[in-house]
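# Inside the fold
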Amino acid sequence: MNENELIEGCRRQNRKAQQKLFDHFAPKMIGLCMRYVGNRRDAEELMIEGMFKVMTKIDQYSGNGSFEGWMRRIMVNECLMFLRKQKEGQISLEDTYYEPSKAPSAEERLMEADILALLDRLPTGYRLVFNLYVIEGYKHREIADILGISINTSKSQLILARKRLRAMIAPSTYNTDS
Amino acid sequence: MNSEDKDLDRHFQQEAEQLDIPPSPAAWPKLERRLQRRSSRDSRRTVFRPLTWAAAAVALLVIAVSVFTLLPRPASILGGQSIELEFVHPERSLVMEKRLAEAYSWYQISEPDRKR
C-alpha cells in the first residue's frame, strides 16, 4: 500500500489504513516532538494527539505538497500549544546568556552527538527557534508570528542557540572538513 | 552565516532526519479507542441529525398553524362586531335603493314648489 492509498484509506476511516499510517510515521513524529518537549512521555502523548488530528482532519489535506510536511506542521503546532500551556514557551525578549551549570567534559563533548541531549540543554526559547529555523525550515518572519516575538529576537535567539551548541559539542562532531 | 554554522545546521538536520523513536505498545490502542469513540459519535450524528431537523420542522409547522388559528380575528378586536354586519344584504340594498328613488322623486316634485 503506497502513501496515496494509505491517505485514501484514512479518508474512508479504514482502520487498517490508519494503523499502517501510524506505524509508518509514529517513530518520526515522536522524534520531532521529543526535540521540542524533551521527554518521552509528553512526546508520545503529543504524537497521539497530533495523529488523531491528522486522521480526523485528513480531508483538509489538499494533496498539494508532501503529506509528511503537512503532518509535521500539525505536530509542531501541537508541541507549541503544549509548551504555551506549560508556560515554558515564553521567550525572554532579553537575549541573556545562560551559563550551563557544569561545563561538559571532553568525553561528554565527544559523546554528545545525540541531538536530543544537546537540544534539551538549551533554554526553551533557543530550542524552539533553532528547531523551527534549522530543522523545520521556517523563516524568521514565520517564527516571529508563531511565537509572538520580533524578527530580530528570533534572529538573535538563533545566533545564541548556535553559539551554545558549538560550545557543547566538539567541532569534529559536525565539521565536514575534519 | 559562516561555514561553521552551516556545518552545525547540516549536522542537526541529518541527525533529526534519522531520529526515529518507536512508540510504546500502548500508543496505537489508545489512538484507536479515540478514533472509535469519534466514529461512533459521528455515526450517531448522521442518524440523529436528519431526525432532529425533521422534528424541528414539524414543531415549527404546528406552532405556525396554532398561531394562525388561535390569533384573534380583526372583527373580534373591534368589540365583537363581525365583519359580516357591515355587509349590506341584497334585500336591504333594494329597500335602500327604493327609498333613495322616492326621496329623489319627492325632491324633483317639491323643487318647483320651493322656487315658487
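Keep in mind it's a predicted model, so treat the numbers as computed, not measured.

Residue and element names in this part refer to chain A. Following the criterion strictly, the structure yields 6 aromatic pairs over all chains and no others. Between Tyr61 and Phe67 the ring centres are 5.1 Å apart and the planes differ by 75°, which places this aromatic pair in the edge-to-face class. Considered together, Tyr61 and Phe67 belong to a single accessibility category, that of buried residues. Each ring, one from Phe67 and one from Trp70, has its centre 5.7 Å from the other, and the planes form 35°; the classification is tilted. Taken as a pair, Phe67 and Trp70 lie in helix α4 (residues 67-86) at a separation of 3 residues, close to a single helical turn.

We now examine the interface of chain A and chain B. By a frequent convention, interface size equals the accessible area lost on bringing the separate parts together. Facing the 38 residues of chain A at the interface are 30 residues of chain B. Roughly 3300 Å² of surface becomes buried between chain A and chain B when both sides are summed, with 63% attributable to carbon and sulfur atoms. Where chain A packs against chain B, one counts 5 salt bridges. Note that Glu49 of chain A is salt-bridged to Arg34 of chain B, the shortest N-O span being 2.7 Å. Elements supplying a minimum of two residues to the side of chain A that touches chain B: α2 (15-37), α3 (40-56), α6 (115-120), α7 (124-135), α9 (151-168) and α10 (171-174) of chain A. If one sorts the elements of the side of chain A that touches chain B by residue count, α2 of chain A sits on top with 11 residues. Here the side of chain A that touches chain B is built from residues that sort into 21 nonpolar, 8 polar and 9 charged.

What counts and what doesn't
Residues numbered from 1 in each chain as written. Chains lettered and ligands numbered in written order. Predicted model: local features only at pLDDT ≥ 70, side-chain atom pairs only at ≥ 80, totals over all residues. Heavy atoms only, no water. Phe/Tyr/Trp six-rings, centres within 6.5 Å; stacked < 30°, edge-to-face > 60°. Buried < 20%, exposed > 50% of the residue type's maximum accessible area, 1.4 Å probe, protein only. Helix = DSSP H or I, 4+ residues; strand = E, 2+ residues; numbered from the N terminus. Contact = heavy atoms within 4.5 Å. Buried area = accessible area lost by both parts, 1.4 Å probe. Salt bridge = Lys/Arg side-chain N within 4 Å of Asp/Glu carboxyl O. Nonpolar A, V, L, I, M, F, W, Y, C, P; charged D, E, K, R; others polar.

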